[in-house]
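Commentary on secondary and tertiary structure
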Amino acid sequence: MPLPRLIPCLDVARGRVVKGVRFEQLRDVGDPVELGAAYSDAGADELVFLDISATLNAQNAAVGVAARVAENVSIPFTFGGGIRSVDDARAVLEAGADKVSVNSAALARPQLVGELAERLGTQAVVVAIDAAGDRVRSHAATRDAERGVLEWAKECEERGAGELLVTSIDRDGTQSGYDLELLERIRDVVSLPIVASGGAGNARHVADALRVADAALLASILHADPARLASLRTELSDLGIPVRGAA
Amino acid sequence: MRFAICSYGAGNTRSVQLAFERLGLRADVVDDGDEILAADLAVLPGVGSAGSAMAGLRQRGLDEALRERATAERPILGICLGLQLALDKTEEDGGVEGLGLVPGRAVRLQTTRVPRIGWAPLDGGGETYWYAHSFVAETPAATATSEGLTAIVEHGSFTGVQFHPEKSGPVGARFLAARCLFLA
């Protein structure tokens with residue numbers, strides 16, 4: 001197995017990194033390129049940029065951000081938000097992103113997963129699954145997608161997904177730890193790598209998640225502070241989690 | 001020095017070009033066989049599936065250009081799928097004939113998680129690079145492994161890497177600088 005991965009997640013709106021509680025009260029916390037590069041220097045294994053702006057121009061903005069990130073950051077990154085077609089995905093990959101993440105668009109039209117995998121390669125296709133209990137949620141977790149989590153995870157794998165980004169909506173923002181049981185159940189029904197998301201409050205939570213999942217998505221725990229990532233890496237190492245050596 | 005990155009509809013050419021730019025080296029993204037032949041170093045990047053990638057190479061006549069380069073012992077660097085395409089064949093997409101620059105074949109990974117995505121060190125205490133692949137080369141030309149899997153292949157004037165040096169941070173940049181300046 002490759003080393004467990006630590007993946008800072010940056011929410012982007014209109015070309016800026018923002019922070020907010022459940023998509024409200026968004027606060028500007030910096031430039032995606034500067035923050036991404038700083039996380040890379042602090043030892044991030046990959047980055048995820050999630051465009052949460054719902055404007056019609058979101059797609060153009062996303063390609064612009066992906067291009068600027070690729071010019072300045074030399075570690076892999078995933079781009080999510082507003083990707084609804086092979087053309088949308090191809091544009092951000094050609095700009096230099098390594099993977100795209102799809103969520104509601106895949107739930108609305110599951111064939112999209114297969115189309116992306118066939119045209120862009122399975123390794124480039126991340127399906128983000130927002131789970132509330134056993135149920136999948138869509139549209140930023142505001143709607144019931146009328147699917148069971150395990151059934152959807154298996155379908156994503158069959159259709160050609162290369163990775164699953166699993167967020168526990170129940171834990172998201174609570175800082176009470178990742179939903180390990182959910183992660184274990186999904187891990188047992190697919191052979192895809194799994195990225196754990198939602199609930200990280202301290203290093204022990206991240207360590208516990210990395211014993212089940214292949215990677216941990218880090219959002220609010222980092223407080224948009226690359227120095228926090230560096231200290232988290234040290235704490236994880238002390239907890240027996242092998243982290244990538246400083247470059 | 002001229003670096004040419006093969007463009008054939010299946011490569012992350014921009015990422016590779018940017019990695020060269022960060023080293024202060026200019027690399028052109030080209031889809032013309034003559035330009036591939038004229039370069040000091042030809043780079044064959046690759047992400048995606050083998051079947052469509054080989055079709056893309058053939059369609060542009062780049063398969064012949066790369067074979068001609070190999071015969072003339074001019075350096076080629078294959079990255080990820082670019083390494084696997086250089087083999088005789090790959091199991092992917094129901095079986096695809098490769099370029100035949102390197103003896104061997106690509107077989108599906110039998111690891112617990114596929115695709116194999118993430119950072120892993122070379123065996124024997126080597127550097128740690130980033131990988132993203134579902135198939136792996138079985139070849140007598142392997143010169144380095146990672147977790148027992150082929151990581152570097154060297155055969156004649158062809159060098160192939162299963163990892164992505166262009167996405168492996170400063171460690172990857174050092175690899176590219178050392179190998180490419182040496183090869184070209």
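Everything that follows concerns the structure shown earlier in this document.
A few points on the structure. If you're wondering where the values come from, they're calculated on a predicted model, not measured in any experiment. (Residues numbered from 1 in each chain as written. Chains lettered and ligands numbered in written order. Predicted model: local features only at pLDDT ≥ 70, side-chain atom pairs only at ≥ 80, totals over all residues.)

**A closer look at the overall build of chain A**
Our working rule: Strands are runs of DSSP state E lasting at least two residues, helices are runs of H or I lasting at least four, and both sets are numbered from the N terminus onward. Atoms counted for the radius of gyration: C-alpha only. Globule rule: 2.2 Å times residue count to the power 0.38. Counts of 20 or more other C-beta atoms within 10 Å of a residue's own C-beta define buried residues, counts of 12 or fewer define exposed ones, and intermediate counts define partly exposed ones; C-beta atoms are placed from the backbone. We call two residues in contact when the distance between their C-beta atoms, placed using the backbone, is within 7 Å.
Helix and strand counts for chain A come out as 9 helices and 12 strands. Taking 2.2 N^0.38 as the reference for a compact globule, 247 residues should give roughly 18 Å; the C-alpha atoms of chain A span a radius of gyration of 16 Å, in line with that estimate. In terms of overall dimensions, chain A has C-alpha extents of about 45 × 40 × 35 Å along its principal axes. For chain A, the residues scored as buried account for 53% of the 247 residues in total. Restricting the contact set of chain A to residue pairs at least 6 apart, pairs at least 24 apart contribute 65%.

**Focus: the packing of helix 3 (residues 86-94) of chain A against helix 5 (residues 111-120) of chain A**
Residues and elements named next belong to chain A. Using the following cut-off: The convention used is that axes are lines fitted to C-alpha atoms, helices contributing only their stretch in contact, and that angles between N-to-C directions extend from 0 to 180 degrees. Oblique is the label for any angle not under 35 degrees, not over 145, and not in the 65 to 115 range, which are roughly parallel, roughly antiparallel and roughly perpendicular in turn. Crossing handedness is defined as follows: a turn of the near helix away from the far one that is anticlockwise and smaller than a right angle gives a left-handed crossing, while the clockwise case is right-handed. Residue polarity follows a fixed list, in which Ala, Val, Leu, Ile, Met, Phe, Trp, Tyr, Cys and Pro are nonpolar, Asp, Glu, Lys and Arg are charged, and the others, Gly among them, are polar.
Taken N-terminus to C-terminus, the directions of helix 3 and helix 5 make an angle of 45 degrees; their axes are 10 Å apart at the nearest point. In terms of their interaxial angle, helix 3 and helix 5 are classed as oblique. The interaxial crossing formed by helix 3 with helix 5 has right-handed handedness. Counting all contacts with helix 3, which are made through V86, A89, R90 and L93, the residues of helix 5 involved are E115, L116, R119 and L120. Among the residues making up the contact of helix 3 with helix 5, the classes are represented as 5 nonpolar, no polar and 3 charged.

**Description of the pairing of strand 7 (residues 102-108) of chain B**
All names here are of chain B. Convention followed: At least two DSSP bridges between two strands are needed for those strands to be called paired.
One ladder, built from 3 bridges, connects strand 5 (residues 87-90) with strand 7; its direction is parallel. Within the sheet, the bridge partner assigned to T90 lies in strand 7 and is A106. Note that strand 7 and strand 10 (residues 135-138) share 4 bridges and pair antiparallel. Within strand 10, the position partnered with V107 by the bridge is V136.

**As for the nonpolar core**
Where we set the bar: Joined through C-beta atoms within 7 Å, a set of buried Ala, Val, Leu, Ile, Met, Phe, Trp, Tyr and Cys residues constitutes a nonpolar core.
Counting residues in hydrophobic clusters, the biggest one holds 144 residues, and the most contacted among them are V100(A), V127(A), I129(A), L164(A), V166(A), A216(A) and V43(B). Among the elements that make up this core, the one with the highest residue count is strand 7 (residues 125-132) of chain A (6 residues). In contact with V100(A), other than residues within four places in its own chain, are T78(A), F79(A), G80(A), I83(A), A89(A), V92(A), L93(A), L116(A), A124(A), V125(A) and V126(A).

**Observations regarding the interface of chain B and chain A**
Of the residues lining the interface, 29 residues belong to chain B; the matching set on chain A comes to 29 residues. Looking at side-chain class alone, the side of chain B that touches chain A contains 14 nonpolar, 10 polar and 5 charged residues.

**Looking at helix 4 (residues 62-71) of chain B**
For an α-helix, 3.6 residues make a turn, and residues three or four places apart therefore share a direction. All names here are of chain B. Filter applied, for reference: Directions pointing from the helix axis toward each C-beta atom define the arc.
Within helix 4, the full set of buried residues consists of L62, D63, A65, L66, R69 and A70. One side of helix 4 carries all its buried residues, which in axial view fall inside an arc of 165 degrees. Tucked into the core, helix 4 has its buried residues touching strand 1 (3-6), helix 2 (33-38), strand 3 (41-44), helix 3 (50-59), strand 4 (76-79) and strand 13 (158-161). At the C-terminal side of helix 4, E73 shows a positive phi close to 55 degrees.

**Things to note about the packing of helix 6 (residues 149-159) of chain A against helix 7 (residues 180-189) of chain A**
All names here are of chain A. As a packed pair, helix 6 and helix 7 sit with axes 9 Å apart at the nearest point and diverge in direction by 40 degrees. By the angle between their axes, helix 6 is oblique relative to helix 7. Like other packed secondary-structure pairs, helix 6 and helix 7 cross with a definite hand, here right-handed. The segment helix 6 lies against helix 7, with V149, L150, A153 and K154 engaging R185, I186 and V189.

**Some thoughts on the environment of Y178(A)**
Residue and element names in this part refer to chain A. Position of Y178 relative to the elements: it lies in the loop between strand 10 (163-168) and helix 7. Taking C-alpha positions, Y178 is 13 Å from G133, a pair spaced 45 residues apart along the chain. Excluding residues that lie within four positions of it along the chain, Y178 makes contacts with S168, R171, L183, A196, G198, G199, A200, H205, D208 and A209.

**So, the sheet that holds strand 7 of chain B**
The strand order across the open sheet built from 4 strands is 6-5-7-10 (chain B), with neighbouring strands paired in mixed fashion. This sheet does not close on itself; its edge strands, each paired only once, are strand 6 (96-97) and strand 10 of chain B.

**Some words on the sheet that holds strand 3 of chain B**
All names here are of chain B. Taken together, 7 strands build an open sheet; the order of strands is 2-1-3-4-13-12-11 and the sheet is mixed. Strands at the two margins of the open sheet, each flanked by one partner only, are strand 2 (27-30) and strand 11 (142-146). Strand after strand, the sheet turns through a mean of 20 degrees between neighbouring axes, direction not considered. Both strand 3 and strand 4 contribute to a ladder of 3 bridges, which runs parallel. Its bridge partner lying in strand 4, V43 is registered against L77.

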